[in-house]
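Here is how the chains run, residue by residue.
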Amino acid sequence: ENSFPGQDTERLLLERLKNSTTEEDYFRWMLFVVGYYRSIKKIDSAVALLEAFLKKKVADDEKNAHCQLALGQIATDEQRLEAALAHFQAALVFEPRKKKITYVIHNNIGYCLNRLGRFTEAEPHCRAAIEINWKRASGYRNLGVSLEGQGDLAGAAWALVEAIKLEVSD
């Protein structure tokens, strides 16, 4: 049998996914498969899995938010910022309870809006991210970009200094 090393990994992961007995188990394995597909650049396969899960209309807002977040991250990687923004905003509608997820969603919305030149719209999302977790540099970095874009250079300087304090490599 001709196979390359990745084929075995993919087959194993898909088998685990197919043999999942609970929704929790399925979701966990699905995220592993999505992560694997992203790592080997099989983006269409990753997107298909996430979209199929969302089409099932599972009544678990946390899982649905996670899928939208992953789709948004994929779109961001591909520089499709409008699509990414739509996915992150859809994720927020599910009102995820996990603070880490909510932080990432707000921060990513702020990032996309900044990249799209919509600095005023980005600011409240950057501030929301910082309010959720003030120990992560990226929230301050995105706030700095937003404030600079709005002409508030003193505010931008403060936010970027805060980012550097938290992550010297900034």
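In what follows, the structure referred to is the one given above.
These figures come from a predicted structure and were not determined experimentally.

Rules behind the numbers
Residues numbered from 1 in each chain as written. Predicted model: local features only at pLDDT ≥ 70, side-chain atom pairs only at ≥ 80, totals over all residues. Heavy atoms only, no water. Axes fitted to C-alpha atoms, helices over the stretch in contact; angles between N-to-C directions. Helix = DSSP H or I, 4+ residues; strand = E, 2+ residues; numbered from the N terminus. Parallel < 35°, antiparallel > 145°, perpendicular 65-115°, else oblique. Left-handed = near helix turned anticlockwise from the far one by under 90°. Contact = heavy atoms within 4.5 Å. Nonpolar A, V, L, I, M, F, W, Y, C, P; charged D, E, K, R; others polar. Salt bridge = Lys/Arg side-chain N within 4 Å of Asp/Glu carboxyl O. Core = buried A, V, L, I, M, F, W, Y, C linked by side-chain atoms within 4.5 Å. Buried < 20%, exposed > 50% of the residue type's maximum accessible area, 1.4 Å probe, protein only. Expected span 1.5 Å × (residues − 1). Polar contact = N/O pair within 3.5 Å; in protein donor to acceptor, adjacent residues only side chain to side chain.

Peer 1: Where do I start with the packing of helix α4 (residues 61-77) against helix α5 (residues 81-93) in this structure?
Peer 2: The angle between the axes and the distance between the axes are what describe a pair of packed helices. For the pair α4 and α5, interaxial distance at closest approach is 8 Å and the crossing angle is 165 degrees. Here α5 runs roughly antiparallel to α4, going by the angle between their axes. The interaxial crossing formed by α4 with α5 has left-handed handedness. Contact residues: A65, Q68, L69, L71, G72, Q73, A75 and T76 in α4; A83, A84, H87, F88, A90 and A91 in α5. When the residues that make up the contact of α4 with α5 are grouped by side-chain class, the tally is nine nonpolar, five polar and no charged.

Peer 1: Could you clarify how one ought to interpret the pattern of salt bridges in this entry?
Peer 2: Should the charged atoms of two oppositely charged side chains come close, the side chains can pair. For the structure on display, the rule yields 13 salt bridges. Residue E24 is joined to K63 by a salt bridge in which the shortest nitrogen-to-oxygen separation is 2.4 Å. Of the two residues, E24 is situated in helix α2 (residues 23-39) and K63 in helix α4; the sequence distance between them amounts to 39 residues. Each of E23, E24, D60 and K63 takes part in a single network of salt bridges with overlapping partners.

Peer 1: In this structure, what is going on with the nonpolar core? I would like to understand it.
Peer 2: When a protein is soluble and globular, its nonpolar side chains tend to lie buried together. If you look at the biggest cluster of nonpolar residues, it comprises 21 residues, and the most contacted ones within it are M30, L49, L50 and C67. Only α1 (5-18), α2, α3 (43-55) and α4 provide two or more residues apiece to this core. L49 has contacts with L17, Y26, M30, V33, V34 and Y37, leaving out every residue within four places of it along the chain.

Peer 1: Looking at this structure, I do not really get the packing of α3 against α4. What am I missing?
Peer 2: Packing of α3 against α4 brings their axes to within 10 Å, and their N-to-C directions diverge by 155 degrees. When the interaxial angle is binned, α3 and α4 end up roughly antiparallel. Here α3 and α4 pass one another in a crossing that is left-handed. Taking contact as the criterion, the partners of I43, A46, V47, L50, E51, F53 and L54 in α3 are, on α4, K63, N64, C67, Q68, A70, L71 and I74. Here the contact of α3 with α4 is composed, by residue class, of ten nonpolar, two polar and two charged.

Peer 1: Can you help me understand α4 in this one?
Peer 2: Within an α-helix, residues lying three or four positions from one another point in the same direction, as the helix has 3.6 residues per turn. Spanning 17 residues, α4 covers 24 Å between terminal C-alpha atoms, matching the ideal 24 Å at 1.5 Å per step. The buried fraction of α4 amounts to 13 of the 17 residues, a majority that puts the element mostly inside the structure. Where α4 starts, the residue carrying a side-chain oxygen 3.0 Å from the main-chain nitrogen of E62 turns out to be D60. Positive phi shows up at Q79, right after α4, with a value of about 60 degrees.

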